[in-house]
Amino acid sequence: MARKREPDDLSVDDLIEGPTEILSSETLDAIRRPAVAGTDLDVEQTHDLSAAAAEVTADLGGHGTAGADGRERVELARMPAAGALYRQAVLGALPGLGRGRGGNDLPAVELAVRGVRVDRAHLADYDRVCGFRLTDRLPGTYPHVLGFPLALRLMTAPGFPIALTGVVHVGNRITVHRPISADETIDFTTYAENLRPHDRGRQVDVVLVGSVDGEEVWRGVSTYLGRERTSGGRERGERPAPPTATARWRVEPRVGTEYARVSGDLNPIHTSRLGARLFGFRQPIAHGMWSKARCLAALETRLADAYTVEVAFKLPVPLPSTVNFALLPDDGFALHDSGGRPHLVGLVR
């Protein structure tokens, strides 16, 4: 007997057709046009941060300095421990222990960590998992990994309006202002903005900024959907035909565990069949930021020194599966499954 679908479940069509507010409708229409015929494509070790685990339950307010836009700035001595933060989030989702629906306002706080250094062994490991060349220049998606525990700390703070468990990463925009070398030390700041309604719940943008010697060199904006029970629906338009594939990649189950290891994103929906089923997936799914990084690696030789790359995440990539990568007109790109359904659409500018 088929499982009864709850009103707040996200179906495949919901994920594909849902608004992301990362790529405008005009941009999506432009990069969905069929690809041009004949286009081709050239084809510090992780430190033990367990000592910082006590920080994850501390209240973020009341002990910072004045930050931008009226936010209180709180500087942490080190990057938080991502594992401890995920354990806190999972415990909070258990019956009787959950914190329930978050608040109605974003925390007026920004978190900062100074002096983050790049471990070349970790960088090389990340490059291999995502398909980048091994160089001293950081891939555009790598600072996201370096600063991710800080953003995770913000999202697991008491009162954050969207619970981490069950959250859907629906879009990401990265701006690289200039190349960043592995020799450079990066300061990170993160904050949340633009909490807004969605027909399946609420969305929020989590901003992560990387600076070197006081100069912003990198900025990432991740849009997350917190699913809630809502009334009403939306009309679904006809899905456009998929573009012609430029490359085809086999995505094995190890991608989930290997990317979790190098990224610190330990969400069990990516690494465990049981964990995936607990959150409504039949099997583990690839990290959205792995999919973006893999596409960016395919475009690596085409990227300028400064650029912005934005993607809208659509259908999750199940592990294992085969995906089709396509170059699109006007510097667009897309990833589809073998049936032509989109995993992501993106644009470089």
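About the cut-offs
- Residues numbered from 1 in each chain as written.
- Predicted model: local features only at pLDDT ≥ 70, side-chain atom pairs only at ≥ 80, totals over all residues.
- Heavy atoms only, no water.
- Core = buried A, V, L, I, M, F, W, Y, C linked by side-chain atoms within 4.5 Å.
- Buried < 20%, exposed > 50% of the residue type's maximum accessible area, 1.4 Å probe, protein only.
- Helix = DSSP H or I, 4+ residues; strand = E, 2+ residues; numbered from the N terminus.
- Phe/Tyr/Trp six-rings, centres within 6.5 Å; stacked < 30°, edge-to-face > 60°.
- Lys NZ or Arg CZ within 6 Å of the ring centre and 35° of its normal.
- pLDDT = per-residue confidence, 0-100.
- Contact = heavy atoms within 4.5 Å.
- Pairing = 2+ DSSP bridges.
- Polar contact = N/O pair within 3.5 Å; in protein donor to acceptor, adjacent residues only side chain to side chain.

Re the nonpolar core
At step 1: Counting 71 residues, the largest nonpolar core has Tyr126, Tyr259, Phe325 and Phe333 as the members making the most contacts within it.
At step 2: For this core, the element with the highest residue contribution is helix 5 (residues 142-155), accounting for nine residues.
At step 3: One finds Ala312, Ala326, Leu328 and Ala334 within the second-largest nonpolar core, a separate group that totals five residues.

Section: helix 8 (residues 288-298)
At step 1: Along helix 8, 10 of the 11 residues are buried, which leaves the element largely enclosed by surrounding structure.
At step 2: Among all positions in helix 8, only Met289, Trp290, Ser291, Lys292, Ala293, Arg294, Cys295, Leu296, Ala297 and Ala298 are buried.

Some words on the environment of Leu328
At step 1: Relative to the elements of secondary structure, Leu328 occurs in strand 10 (residues 321-328).
At step 2: Residues Leu328 and Thr246 lie 82 residues apart in sequence; the distance between their C-alpha atoms is 9.5 Å.

Describing the packing of aromatic side chains
At step 1: Taken as a whole and judged by the stated rule, the model has five aromatic pairs.
At step 2: When the centroid spacing of 5.1 Å and the interplanar angle of 65° are considered together, the rings of Tyr126 and Tyr142 count as edge-to-face. Of this pair, Tyr126 sits in helix 4 (residues 120-130) while Tyr142 sits in helix 5, placing them 16 residues apart in sequence. Each member of the pair, Tyr126 as well as Tyr142, is classed as buried.
At step 3: Seen in terms of ring centroids, Tyr126 and Tyr259 are 6.3 Å apart; in terms of plane orientation they differ by 50°. Their pairing is tilted. Residue Tyr126 is located in helix 4, and its partner Tyr259 is located in helix 6 (residues 254-263); the two are separated by 133 residues in the primary sequence.
At step 4: Through pairs of rings, three or more aromatic residues link up here, namely Tyr126, Phe132, Tyr142 and Tyr259.
At step 5: When the ring centre of Trp249 is taken as reference, the NZ or CZ atom of Arg294 above it lies at 4.0 Å.

A look at the confidence of the model for the protein chain
At step 1: Of the residues in the protein chain, 72% have a pLDDT of 70 or more, and the chain-wide mean is 81.
At step 2: Taken together, the stretch residues 1-9 has pLDDT below 50 and engages in 14 contacts with residues farther than four places along the chain or on a different chain.
At step 3: Contacts from residues 34-58, a stretch scored under 50 in pLDDT, to residues over four places away or in other chains number 44 contacts.

Structural notes on the pairing of strand 11 (residues 332-337)
At step 1: In terms of burial, strand 11 is a largely internal element, six of the six residues being buried.
At step 2: Pairing between strand 10 and strand 11: six bridges, direction antiparallel. Each residue of the ladder has a partner; that of Asn324, found in strand 11, is His336.
At step 3: Joining the antiparallel neighbours strand 10 and strand 11 is a turn of three residues, in which Asp330 adopts a positive phi near 60°.
At step 4: The pairing of strand 11 with strand 12 (residues 342-348) spans five bridges and is classified as antiparallel.

Description of the pairing of strand 3 (residues 109-116)
At step 1: With respect to burial, strand 3 is a largely interior element, six of its eight residues being buried.
At step 2: Sheet topology note: the strand 2 (residues 72-76)/strand 3 ladder contains five bridges and is parallel. Each residue of the ladder has a partner; that of Arg73, found in strand 3, is Glu110.
At step 3: Where strand 3 meets strand 5 (residues 186-198), four bridges bridge the pair, whose relative direction is antiparallel. Residue pairing in the sheet places Leu111 in a bridge with Thr190 of strand 5.

Some words on the side chain of His169
At step 1: Considering the arrangement of structural elements, one finds His169 in strand 4 (residues 168-176).
At step 2: Residue classification places His169 among the buried residues on the basis of a relative accessible area of 19%.
At step 3: At 3.1 Å, the side chain of His169 and the backbone oxygen of Gly171 are in polar contact.
At step 4: His169 has contacts with Ser222, Thr223, Tyr224, Met289 and Phe313, leaving out every residue within four places of it along the chain.

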